[in-house]
Amino acid sequence: MSTGSLHDRLQRLRRLDQLESSILGQPSAEPSLKARLERLVEVATHRERRMAPAALALEELVQGMRVENERGEFFLTETDVHLEVRHGDVPLSRFRTLDPGTVGILTAEPALARFDLSQAVFLDTETTGLAGGAGTAAFLVGLGFVEGERFRVRQYFMRDYHEEPALLHALAEDLGRFRQLVTFNGKMFDLPLLDARYRLNRVRFPLAEVPHFDLLHPARRLWRARLESCRLQALEVELLGLLRVGDLPGEQIPQVYFDYVRRRDARALARVFEHNRQDIVSLAALAVLACQWVEEGRAEDPRDVYSLARVLERARLYERSDAEYRRALALDPGPLRGAALMRLAARARRTGEHAIAAALWEEAAESGELLALRELAVHHEHRRREPGAALEAVDRALRWLEGAGSEVPRARRFATDFAKRRSRLIGKLQRGAPSTSPRRAGTPRAPA
DNA sequence: TCCGACAAGGTAGAAGTGAT
DNA sequence: ATCACTTCTACCTTGTCGGA
């Protein structure tokens, strides 16, 4: 045995003495090393068990009840808030005074032309994953709806996989009361998933024919220009001014459920119920807010005003969209200035207001819109019959392209287009001035 | 008469984004 | 991994007009 290993052994014995002092109160007199170690492990394990809180049952943490039906049983919980309580700055009582046509404007879907949020059901599911397909189940389904003067959130929960048939059965009965549905990305996520679960349980999917307002896409149209993200919780922070404390990140939810099924400890699961409840209330508040933006023109940031104008234009509300584009311009929309001018000019051209369109293209060209110079060239050559003015616009574009170089997207294509236009115009000018009067507005083809 | 250019619409592909 | 929907871009279609 070397001096080194003796030294090591002494060190370990000293360390054992220290451990015994801290765990047992004093070093042991027991001569057997093995016995001393076993005693230490026993005491430490016992202490750990005593200090760790016992698993808490679901019923202790979430107010709810066991529900039984012909398919088995599941867990149901309900909470509610008064409609006058503001979520962020939005009172849910506003549901009742919204115009039923507003959702139709937000979505530009004729099927949603009459949509009453106060009669709709708001739905959000928590699932065992993101993958979809037969392997992913919705273990928690939350519904939100107006009942009297309150907004009620009802949550259907399966405590284990065998409770799914009972959950789906009760859920179908409840959903049958509603003629309209609101979700956030439900078209892509919640509905296909629930549809698959009903299919696997050989039950007709209760939401197959229900008019469905998926807020994700209108939200992107309204707010994407200003906000970096249009995830539900980003909208919650930016638009409702709410910040969740102690919220469970979505990606942890499946694991929390798997742990609950295995260990019956509901401590983390209670946070999933709260997460789901907040998602539903926020969804309702954001749906109201989106409608308010359309009805009241609430947008203030010029980027939002521009986005609102686009939503209105998409819904063919041209007078209002023109007014919002002009309001955006007055507020200085920065990089969106050129785009707003181009949109206004395109409208003016379609309504035959060619002088107004030309003035807008001129402004847009000054804001760096290369396409505005192309439109100006067309306008002067074909509408005004002034090839000289057209050539001027083309030369401006070519000079600009030369200066900006490859920074301009599609620079080569533009350069080719302008060069072709230029040689044609020079030919025209060499052959002499045009013979006829300016062209009338063409007869537009009837829409298909 | 033929062809190029345009208006206004349609279609298709690519890339990005949300949901757990 | 999934995919409905978005914007952007390119290209196609139909009809009209004017110049060669």
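Residues numbered from 1 in each chain as written. Chains lettered and ligands numbered in written order. Predicted model: local features only at pLDDT ≥ 70, side-chain atom pairs only at ≥ 80, totals over all residues. Heavy atoms only, no water.

**Q** Sorry, what's going on with the pairing of strand β6 (residues 138-147) here?
**A** Two faces belong to every sheet, and in a regular strand the side chains alternate between them. Within β6, nine of the 10 residues are buried, leaving the element largely enclosed by the surrounding structure. Bridging between strand β5 (residues 121-127) and β6 involves six bridges; their strand directions are antiparallel. Bridged to Thr 125 within β6 is Val 141. As paired strands, β6 and strand β7 (residues 150-157) are joined by eight bridges and run antiparallel to one another. Across the sheet, residue Leu 143 finds its bridge partner in β7, namely Arg 154. Here β6 folds back onto β7 in antiparallel fashion, the turn holding two residues, of which Gly 148 has a positive phi close to 60°. (Buried < 20%, exposed > 50% of the residue type's maximum accessible area, 1.4 Å probe, protein only. Helix = DSSP H or I, 4+ residues; strand = E, 2+ residues; numbered from the N terminus. Pairing = 2+ DSSP bridges.)

**Q** When you look at the protein's contact with DNA strand B in this model, what are you seeing that I'm missing?
**A** Looking at DNA strand B, there are 29 residues lining it, with Glu 126, Leu 130, Leu 232, Arg 421 and Arg 424 nearest. When atoms of DNA strand B within 4 Å of the protein are split into backbone and base, the sugar-phosphate part holds 72%. Contacts to DNA strand B include Glu 126, whose side-chain N or O atom sits 2.9 Å from a sugar or linking oxygen. The separation between a phosphate oxygen of DNA strand B and a polar side-chain atom of Arg 421 is 2.6 Å. Only β5, α9 (253-263), α13 (337-350), α15 (370-383) and α17 (411-431) provide two or more residues apiece to the surface near DNA strand B. (Near = heavy atom within 4 Å. Polar contact = N/O pair within 3.5 Å; in protein donor to acceptor, adjacent residues only side chain to side chain.)

**Q** Sorry, what's going on with the nonpolar core here?
**A** Most often, soluble globular proteins keep nonpolar side chains buried together rather than apart. Phe 95, Leu 117, Phe 122, Phe 151, Phe 213, Trp 223 and Leu 235 are the most contacted members of the largest nonpolar core, which totals 81 residues. For this core, the element with the most residues is helix α10 (residues 267-296), which contributes 13 residues. There are two domains that each give this core at least three residues, and those are domain 1 (59-296) and domain 2 (302-431). With sequence-adjacent residues up to four places away left out, Trp 223 is seen in contact with Cys 230, Leu 235, Leu 239, Leu 286, Leu 289, Ala 290, Trp 293 and Asp 304. In terms of nonpolar packing, the next biggest core, distinct from the first, is built from 42 residues, Leu 58, Leu 181, Val 272 and Phe 273 among them. (Core = buried A, V, L, I, M, F, W, Y, C linked by side-chain atoms within 4.5 Å. Domains from an automatic or database assignment. Contact = heavy atoms within 4.5 Å.)

**Q** How do you make sense of helix α7 (residues 216-223) when you look at a structure like this?
**A** Note that an α-helix has 3.6 residues per turn; residues three or four places apart therefore point the same way. For α7, every residue scored as buried is listed here: Leu 216, Pro 218, Ala 219, Leu 222 and Trp 223. Taken around the axis of α7, the buried residues stretch over an arc of 165°, which confines them to a single face. Buried-residue contacts for α7 involve α4 (102-107), β9 (212-214), α8 (232-240), α10 and α11 (302-314). (Arc of directions from axis to C-beta.)

**Q** Please explain the packing of α13 against helix α14 (residues 354-366) as it appears in this structure.
**A** Geometry of a packed helix pair, given as the angle between the helix axes and the separation of the axes. Running from N to C, α13 and α14 point in directions that differ by 165°, and their axes come no closer than 8 Å. As the angle between them shows, α13 and α14 are arranged roughly antiparallel. Crossing of α13 against α14: the hand is left-handed. Contact residues: α13 offers Arg 337, Gly 338, Leu 341, Met 342, Leu 344, Ala 345, Ala 348 and Arg 349, while α14 offers His 354, Ile 356, Ala 357, Leu 360, Trp 361, Glu 363 and Ala 364. For the contact of α13 with α14, the per-class residue count stands at 10 nonpolar, two polar and three charged. (Axes fitted to C-alpha atoms, helices over the stretch in contact; angles between N-to-C directions. Parallel < 35°, antiparallel > 145°, perpendicular 65-115°, else oblique. Left-handed = near helix turned anticlockwise from the far one by under 90°. Nonpolar A, V, L, I, M, F, W, Y, C, P; charged D, E, K, R; others polar.)

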